[in-house]
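Residue-level listing of the chains:
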Amino acid sequence: MKRFLHLALLIAVISSIITYPKHQVLAEESTYMRVLQSGALIYHDINLEDPIFEVPVSYYVKVESKQGSSVKVSYGDGSKDCPVIIGYMDISNLTEIDYEPTSPFFIIKISTDVSDILFNDVELKTPYFNVPKNEVMYYLGEINSSDRVLCYVYYAKKLGYVDKTCFNPFTVTPNPDKIEDEPIKTPSLNEEPNSGDNAPTFQLGENLQLLIIIGISVVSISVVYFLFKPQKNKTGDEQNEFSTD
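This one's a predicted model, so the numbers in the text were calculated from it and none came from an experiment.

Enquirer: Account for the overall build of the protein chain, naming residues and giving values.
Expert: In terms of regular secondary structure, the protein chain is built from three helices and 13 strands. About 17,000 Å² of surface is accessible on the protein chain, with carbon and sulfur atoms providing 55% of the total.

Enquirer: How would you sum up the state of the cysteines? Please name residues and give values.
Expert: Per the stated rule, a full pass over the model turns up zero disulfides. Cysteine cysteine 166 is unpaired, with the sulfur of cysteine 151 as its nearest cysteine sulfur at 7.5 Å.

Enquirer: Account for the pattern of salt bridges, naming residues and giving values.
Expert: Under the definition given, this model contains three salt bridges. The salt bridge partner of arginine 148 is aspartate 163, with a shortest N-O separation of 3.9 Å. Taken together, the residues span a long stretch of sequence, with arginine 148 in strand β12 (residues 148-155) and aspartate 163 in strand β13 (residues 158-163) at a distance of 15 residues. Note on arginine 148: relative accessible area 39%, which makes it partly exposed.

Enquirer: I'd like to hear about the nonpolar core, residue by residue, with values.
Expert: The biggest cluster of nonpolar side chains holds 44 residues, and the ones touching the most others in it are Ile42, Phe53, Val55, Tyr75 and Met89. Per element, the largest residue contribution to this core is six residues, and it comes from β12. Among residues more than four places away in sequence, those in contact with phenylalanine 53 are Ala40, Leu41, Ile42, Tyr75, Ile85, Leu140, Gly141, Glu142, Ile143 and Tyr152.

Enquirer: Which residues make up the environment of glycine 68, and what values go with them?
Expert: With respect to the helices and strands, the residue glycine 68 is situated in the loop between β4 (60-67) and β5 (70-75). What makes glycine 68 exposed here is its relative accessible area of 66%. Taking the C-alpha atoms as reference, glycine 68 lies 9.9 Å from isoleucine 46; in sequence the two are 22 residues apart.

Enquirer: Mind laying out the packing of aromatic side chains, listing which residues take part and the relevant values?
Expert: Geometrically, a pair of aromatic rings is defined through the distance of the ring centres and the angle of the planes. Counted by the stated rule, this structure contains 11 aromatic pairs. Note on tyrosine 152 and tyrosine 161: the rings are 5.0 Å apart at their centroids and 50° apart in plane angle, and the pair reads as tilted. Its relative accessible area of 2% is what places tyrosine 161 among the buried residues.

The rules behind the values
Residues numbered from 1 in each chain as written. Predicted model: local features only at pLDDT ≥ 70, side-chain atom pairs only at ≥ 80, totals over all residues. Heavy atoms only, no water. Helix = DSSP H or I, 4+ residues; strand = E, 2+ residues; numbered from the N terminus. Areas by Shrake-Rupley, 256 points an atom, 1.4 Å probe, with all protein chains shown as cover. Disulfide = S-S within 2.5 Å. Salt bridge = Lys/Arg side-chain N within 4 Å of Asp/Glu carboxyl O. Buried < 20%, exposed > 50% of the residue type's maximum accessible area, 1.4 Å probe, protein only. Core = buried A, V, L, I, M, F, W, Y, C linked by side-chain atoms within 4.5 Å. Contact = heavy atoms within 4.5 Å. Phe/Tyr/Trp six-rings, centres within 6.5 Å; stacked < 30°, edge-to-face > 60°.

Shown next as structure tokens:
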């Protein structure tokens, strides 16, 4: 019975090692795209005719869906008491990535240096109310309007525009994620496997795993052999020799 239990345990260990995947499973395709050029605007409409604001260079938008040359995106995660902005962007202004951003969105608090007005629209035709001096609000981005630069902000439960000149000075810091020198390349079916720096690492890992499996298999076979090795019957002379001693 003990031999049977030992054999069953041994078979289970060998099976788990052999069936263990050789490569780590790749992460799911990222749902983010990155802005690496100026002028990347989020629009209210899919036809890209009604702009909201420009996404700061080096930051990201989350892809909700792709519809031809337009991409439905969201900006912000709602974690800073600031609503998520939903809109559309031109896909040519976005760059695909194959990693998860550490800090996708640039949303900070800024304060007014002088009193001004919060407007509903880029043309500054529909005012909400005045914004007093030293008021704090969330900055999401900005946009050029005629000869002015307007900040798109969230204040008093309203999203709108305030002239940038009324704010205390602030800086849009670059995203800490490294910007790749080359765009992501998807290898074709006829392309030769990459023989760069990553190849030796994968080959070494596979060889090491193969050696481990072979070594464990040899040990396992030896254990099985000794467990089930037939016992030799002692001869009469051998028994007499032991009894005489």
